[in-house]
Amino acid sequence: MNRSSLIQSEQWLISILAIIGLFFDTTCISAAQAKLLPRLSAKRPPFLGEPAKFSEPVSEDFQTFYFNQTLDHFNYRPESYTTFEQRYVMNFKYWGGANARAPIFVYLGAEADLDYDLPVGFLTDNASQFKALLVYIEHRYYGKSIPFGSRKEAFKDASSLGYFNSAQAIADYAEVILYLKRKLLAENSPVIVFGASYGGMLASWFRLKYPHVALGALASSAPILYFDDITPQNGYDSIVTKNFREVSESCYRTISKSWSEIDRVASEPNGLSILGNKFSICDQLNNSGELKEFLERTYCIAAQYDDPPSYPVSMVCGGIDGAPEGNDTLSRVFAGVVALRGNFSCYNTNTIDYPIETIEGWDWQTCSEMVIPTGRGDNDTMFPPAPFNLTTFSRDCTSFYGVPPRPHWVTTYYGGHDIELILRRFASNIIFSNGLRDPYSSGGVLKNISQTVLAITTVNGSHCLDILLATSTDPDWLVMQRKAEVENIESWIAQYYVDLHAMKK
């Protein structure tokens, strides 16, 4: 896509967001305002992190294939049998082979082009030890796995988008995995599925729905309990607030009082111009909400990806607290922005920190089944109040897409309520890994449910940090988290071989 096309696409996207409306006012994570959404992903925005850690090169060992996938797995109407090409990528470098019953590690693609997430450090770091075949499957409606022949046709209306949901996606994964096992004569090779964030949800749900296909699942930073009011609506923003307050009380107080100061300045004659100049905004502000959304997005991304060794929350607070003596509140806040995002001549409040197709696709998913009710009240976080209103949310989704969301479907189809009681009865071989500084951990499984449905948490961990490429600078607690994950996967596979041997006698 050339630069002019990208600009046009961004403008189009912004107009979509304006049409949909402010479902949550200015909450950090809003299905309606996807440009505010810190993406459910292991991949960091470009302005964060170390390139070696977050942009691992993809080697020539990765080979691309396509599977002729069924459009609709759950109906028998003629149109259900329509097919599309689904992309998957394989790496045979480390595989011990079908004769050795060597395992197959499958990464379940999420809300992005598969290229965006490849190659996933945890898999490549451990493939040699397990002699594992690596498989990565792209999520339908993303990347090159587009039904109906083109993105334009696939996203035309609710009729074509109606096949775009998590149940169809994990059925896709089952089809591809079983096809590969047959093709490779690897029916006795155990499969472990992996996923990060939304992909982590898919991995855990896949193990529950397809236990005959996957022996186990590692679900990294999967907020499977952030549905149907199981988790407090302010859970995400409360952890963002906690992270900032733990780093610096003065930084937290400065941010907390900045919102009313922004509104005060905005109400003055030429107030929006004053704010634009103070924050070096590239374009004229239309209202104070644009600036507040930009700041909220900055703080939320810093908290979600508060990784060692740079620790973005500390970077922001270092800028705020380190501003010259005598600087006013808003000047200090701007210093925090510069400390994190870098020193530029101006800042675009409409900056899109993730691929446009991710935002477009995730808009549909959150307006259909992935209804994550995030909101906040008065004085319960460092942000201004922004309560979640399901009636407004449903009305606006219906207005835009022509169909209402189904906010209770995720818990109906996959479960969630009383999860400790329910999963103890029948589930096994699932690791829910979380870093407790990740705001999405508020919706995660944080306690062991059984001896094989485990919660592996780290106090200082961030979003999906465990599934990234290991580096020599990783702190001991992160090394130990990954070690625990590997040891549990080893035990699942070892027990599988014992059981398989016993059955073959």
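Throughout, a residue's number is its position along its own chain's written sequence, starting from 1. With pLDDT at 70 or above as the cut-off, local features in this predicted model cover only qualifying residues; side-chain atom pairs require 80 or more to be listed or tallied, and sums for whole chains, interfaces and linings still use all residues. Derived side-chain values reflect all non-hydrogen atoms in the structure, with water molecules and hydrogen atoms excluded from consideration.

Trainee: Teacher, can you tell me more about the overall build of the chain here?
Mentor: Tallying secondary structure elements over the chain gives 19 helices and eight strands in all. Burial classes follow relative accessibility: with a 1.4 Å probe on protein chains only, a residue under 20% of its type's maximum area counts as buried, one over 50% as exposed, and anything between as partly exposed. Among the 505 residues that make up the chain, the fraction classed as buried is 59%. Partitioning the intrachain contacts of the chain with sequence separation of at least 6 by distance along the chain shows that 74% fall at a separation of at least 24. Total accessible area on the chain stands at roughly 20200 Å², and carbon and sulfur atoms take up 52% of it. By definition, any uninterrupted DSSP run of H or I lasting at least four residues is a helix, any uninterrupted run of E lasting at least two residues is a strand, and each is numbered from the N terminus. The criterion used for residue contact is that any of the two residues' heavy atoms lie within 4.5 Å. Computed with the Shrake-Rupley method and a 1.4 Å probe, the accessible areas treat only the protein chains shown as cover for residues.

Trainee: It is not clear to me how the pairing of strand β7 (residues 430-435) should be interpreted in this structure. Could you clarify?
Mentor: Every regular strand shows the same layout, with side chains that alternate between the two sheet faces. Counting buried residues in β7 gives six out of six residues, a clear majority hidden from the surface. Of the two faces of β7, the one holding Ile430, Phe432 and Asn434 and the one holding Ile431, Ser433 and Gly435 are both buried throughout. Note on pairing: two strands pair once DSSP finds at least 2 bridges between them. Relative to β7, strand β6 (residues 216-220) runs parallel, the two sharing four bridges. Looking at the pairing, Ser220 lines up with Ser433 of β7. Here β7 runs beside strand β8 (residues 453-458); their pairing, made up of six bridges, is parallel. In the sheet register, Ile430 faces β8, and the bridge partner there is Val453.

Trainee: Quick question: what am I supposed to make of the pattern of salt bridges here?
Mentor: Opposite charge on two side chains permits them to pair, given that their charged atoms come into close proximity. By convention in these notes, a salt bridge is any Lys or Arg side-chain nitrogen within 4 Å of a carboxyl oxygen on Asp or Glu. The full count for this structure, using the stated rule, is 26 salt bridges. Across the salt bridge formed by Arg87 and Asp115, the nearest N and O atoms sit 3.1 Å from each other. Of this pair, Arg87 sits in strand β2 (residues 83-91) while Asp115 sits in helix α3 (residues 114-117); the two residues are 28 residues apart in sequence, bridging distant segments of the chain. When its relative accessible area of 3% is taken as the criterion, Arg87 is described as buried. Residue classification places Asp115 among the partly exposed residues on the basis of a relative accessible area of 43%.

Trainee: Is there a simple way to think about the side chain of Thr411 in this case?
Mentor: For Thr411, the position within the fold is in helix α17 (residues 409-413). A relative accessible area of 11% places Thr411 in the buried class. Only 2.9 Å separates the side chain of Thr411 from the side chain of Asp228, close enough to count as a polar contact. With residues up to four places along the chain from it excluded, the contact list for Thr411 reads Phe227, Asp228, Ile230, Gly416 and His417. Side-chain atoms alone can form a polar contact between residues adjacent in sequence; in general such a contact is a pair of N or O atoms within 3.5 Å, and within protein one must be able to donate a hydrogen while the other accepts it.

Trainee: I tried to follow the nonpolar core on my own but got confused; where do I start?
Mentor: Generally speaking, a soluble globular protein has its nonpolar side chains buried in company with each other. Buried Ala, Val, Leu, Ile, Met, Phe, Trp, Tyr and Cys residues that are joined via side-chain atoms within 4.5 Å together make up what is termed a nonpolar core. One finds Val193, Phe206, Phe244, Leu295 and Tyr299 to be the most contacted residues of the largest nonpolar core, which totals 109 residues. Leave out the neighbours within four places in its chain, and Leu295 touches Trp259, Ile262, Phe279, Val333 and Val337. With 33 residues, the next largest nonpolar core counts Val120, Ile431, Ile467 and Leu468 among its residues.

Trainee: How do you make sense of the packing of aromatic side chains when you look at a structure like this?
Mentor: Each pair of aromatic rings is reported with the distance of its centres and the angle of its planes. Classification of ring pairs rests on two measures: the distance between centres of Phe, Tyr or Trp rings, Trp counted by its six-membered ring, which must be within 6.5 Å, and the angle between planes, read as stacked under 30 degrees, edge-to-face over 60 and tilted in between. In total, this model carries 30 aromatic pairs according to the counting rule given. On the numbers, 5.1 Å between centres and 50° between planes, the contact of Phe67 with Tyr179 is tilted. In this pair, Phe67 is assigned in strand β1 (residues 62-70) and Tyr179 in helix α7 (residues 166-183), connecting sequence segments 112 residues apart. By relative accessible area, Phe67 is classed as buried at 13%. Pairing Trp205 with Tyr414 gives two aromatic rings, centres 3.9 Å apart and planes at 5°, and the pair type is stacked. Here Trp205, found in helix α8 (residues 198-209), pairs with Tyr414, found in the loop between α17 and α18 (419-426); they are 209 residues apart in sequence, far enough to count as distant. When sorted by exposure, Trp205 lands in the same class as Tyr414, which is buried. Connected via pairs of aromatic rings, a cluster forms that spans Trp205, Phe227, Trp409, Tyr413 and Tyr414.

Trainee: What should I look at first to understand a nonpolar patch on the surface in this one?
Mentor: Two joining distances apply to patches: 9 Å for like charges and 5 Å for nonpolar side chains (Val, Leu, Ile, Met, Phe, Trp, Tyr), and every residue must have over 30% relative accessible area and no salt bridge. On the surface, Leu421, Ile422 and Phe426 cluster together into a nonpolar patch covering about 280 Å² of accessible area. With respect to the helices, strands and loops of the structure, Phe426 is situated in helix α18. Its relative accessible area of 52% is what places Phe426 among the exposed residues.

Trainee: So what exactly am I meant to see when it comes to the packing of helix α10 (residues 249-266) against helix α11 (residues 271-278) here?
Mentor: The axes of two packed helices give the description: the angle between them and the distance between them. Relative orientation of the contacting elements α10 and α11 amounts to 130°, with a least axis distance of 7 Å. Relative to α11, the element α10 is oriented oblique. Touching Ile262, Val265 and Ala266 of α10 are Gly271, Leu272, Ile274 and Leu275, all from α11. Within the contact of α10 with α11, the residues separate by chemical class into six nonpolar, one polar and no charged. In this analysis an axis means a line fitted to C-alpha atoms, helices contributing only their contacting stretch, and an angle means the value between N-to-C directions, from 0 to 180 degrees. For this classification, under 35 degrees means roughly parallel, over 145 means roughly antiparallel, 65 to 115 means roughly perpendicular, and everything else is oblique. In this classification, the charged set is Asp, Glu, Lys and Arg, the nonpolar set is Ala, Val, Leu, Ile, Met, Phe, Trp, Tyr, Cys and Pro, and all remaining amino acids, among them Gly, are polar.

Trainee: Before we go on, may I ask you to explain the sheet that holds β6 in this structure?
Mentor: Backbone-to-backbone hydrogen bonds join strands into a sheet, with any given pair of strands oriented parallel or antiparallel. Here we have eight strands laid out as an open sheet, ordered β1-β2-β4-β3-β5-β6-β7-β8, and mixed in their pairing. Two strands in the sheet have a free side with no partner beyond their single neighbour: β1 and β8. Neighbour to neighbour, the strand axes of the sheet diverge by 20° on average, direction disregarded. As judged from the five bridges shared by strand β5 (residues 191-196) and β6, these two strands associate in the parallel manner.

Trainee: What should I look at first to understand the environment of Glu85 in this one?
Mentor: Turning to its location among the elements, Glu85 is positioned in strand β2. Sequence-wise, Glu85 and Phe148 are 63 residues apart; in three dimensions their C-alpha atoms are separated by 9.9 Å. Aside from chain neighbours lying at most four places away, what touches Glu85 is Tyr66, Phe67, Lys144, Ser145 and Ile146.

Trainee: Please explain the pairing of β5 as it appears in this structure.
Mentor: Burial runs high along β5: six of the six residues are buried. Of the two faces of β5, both are covered, the one formed by Val191, Val193 and Gly195 as well as the one formed by Ile192, Phe194 and Ala196. Bridge count between strand β3 (residues 104-108) and β5: four bridges; the pairing is parallel. The residue bridging Tyr107 from the neighbouring strand is Phe194, located in β5. Note on handedness: a clockwise path from strand one over the helix to strand two, with the strands aimed away from the viewer, defines a right-handed crossover. The parallel pair β5 and β6, bridged by α8, forms a crossover whose chirality is right-handed.

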